[in-house]
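One letter stands for each residue in the lines below.
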Amino acid sequence: MTDAPAILLVDDNDLDVEILTRALAKADINNPVIRAVDGIDALQILKDHAANPHLPEPFVVLLDINMPRMNGLEFLSAMRNDPTLASRQVFVFSTSGHQADIASAYAEHASGYFVKPNKTSDLVLLLKALKGFWDQCRYTTSNYSAQ
């Protein structure tokens, strides 16, 4: 197992995904990235992974809030209510800075909440800080197995 987590990116906006992907490269973050287009897609990826692991371990979720079919807060709630998925690390990465969204995300045990910066240089700095956090974290296999 490696200390560099793979990233499950849950975002329906192709432009935002492209900007984030480029910012990850500029920040020299080469972690594997798997994309889900909404909460339903992300839940399916995670449930498939629980049954037959195909994501490198460890991994974290970068989650947008505003998506069709199942938004980020609905996804967080569904994920936290599934014992095989509940312990996953989820960082909300949204354009929404509304206090209600932030409070709701933390109520569902988000690991962090970030408002997407408008400038690429600010996004790169944010991603470097997040990578520094990931690099300092220690993971155990018990965090990733069904209880």
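See above for the structure.
Every value quoted in this text rests on a predicted model; they were computed, and no experiment measured them.

S.K.: Sorry, what's going on with the pattern of salt bridges here?
M.R.: In a structure, side chains of opposite charge can pair up when their charged atoms sit close to one another. Under the defined criterion, the tally for this structure stands at 6 salt bridges. Linking Lys-116 and Asp-16 is a salt bridge whose minimum nitrogen-to-oxygen distance equals 3.0 Å. Within this pair, whereas Lys-116 is found in the loop between strand E5 (112-115) and helix H5 (120-136), its partner Asp-16 is found in helix H1 (residues 14-26), the two being separated by 100 residues in sequence. Its relative accessible area of 13% is what places Lys-116 among the buried residues. Here Arg-22 and Glu-18 are joined by a salt bridge, their closest N and O atoms 2.7 Å apart. Pair noted here: Arg-22 and Glu-18 are both in helix H1, with a separation of 4 residues, about one helical turn. Given a relative accessible area of 55%, Arg-22 falls into the exposed group. Owing to a relative accessible area of 36%, Glu-18 belongs among the partly exposed residues under this scheme. It is possible to trace a salt-bridge network through shared partners that takes in Asp-11, Asp-16, Asp-64 and Lys-116.

S.K.: I keep staring at the packing of aromatic side chains and nothing clicks. Help me out?
M.R.: Remark: the centre distance and the inter-plane angle together describe each pair of aromatic rings, the angle taken between the planes. This model, assessed by the stated rule, comprises 3 aromatic pairs. Consider the rings of Phe-93 and Phe-114, whose centres lie 6.4 Å apart with planes at 55 degrees: the pair is tilted. With Phe-93 in strand E4 (residues 89-94) and Phe-114 in strand E5, the pair connects residues that are 21 residues apart, well separated along the chain. On the accessibility criterion, Phe-93 (4% relative accessible area) is buried. Taken together, the aromatic side chains of Phe-91, Phe-93, Phe-114 and Phe-133 make up a single cluster linked through ring pairs.

S.K.: Would you mind going over helix H4 (residues 99-107) with me for this structure?
M.R.: Since one α-helical turn is 3.6 residues long, residues separated by three or four positions face the same way. Residues of H4 that are buried include every one of Asp-101, Ile-102 and Ala-105, and no others. For H4, the angular spread of buried residues about the axis comes to 100 degrees, placing them on one side. Away from the buried face of H4 by more than 90 degrees, exposed residues Gln-99, Ala-100 and Ala-107 are located. Residues of H4 that are buried make contact with helix H3 (72-80), E4 and E5. Looking one or two residues past H4, His-109 carries a phi angle of roughly 65 degrees, positive in sign.

S.K.: What am I meant to see in the pairing of strand E3 (residues 59-63) here?
M.R.: When a strand is regular, its side chains alternate between the sheet's two faces. Within E3, 5 of the 5 residues are buried, which leaves it mostly tucked inside the rest of the structure. Of the two faces of E3, the one lined by Phe-59, Val-61 and Leu-63 and the one lined by Val-60 and Leu-62 are each fully buried. As judged from the 5 bridges shared by strand E1 (residues 6-10) and E3, these two strands associate in the parallel manner. From the neighbouring strand, Val-10 faces E3, where its bridge partner is Leu-63. In this fold, E3 hands off to H3, which returns the chain to E4; that crossover is right-handed.

What counts, and at which threshold
Residues numbered from 1 in each chain as written. Predicted model: local features only at pLDDT ≥ 70, side-chain atom pairs only at ≥ 80, totals over all residues. Heavy atoms only, no water. Salt bridge = Lys/Arg side-chain N within 4 Å of Asp/Glu carboxyl O. Helix = DSSP H or I, 4+ residues; strand = E, 2+ residues; numbered from the N terminus. Buried < 20%, exposed > 50% of the residue type's maximum accessible area, 1.4 Å probe, protein only. Phe/Tyr/Trp six-rings, centres within 6.5 Å; stacked < 30°, edge-to-face > 60°. Arc of directions from axis to C-beta. Contact = heavy atoms within 4.5 Å. Pairing = 2+ DSSP bridges. Right-handed = clockwise from strand over helix to strand, strands pointing away.

Treat this as a map of the structure, not an account of what it does.
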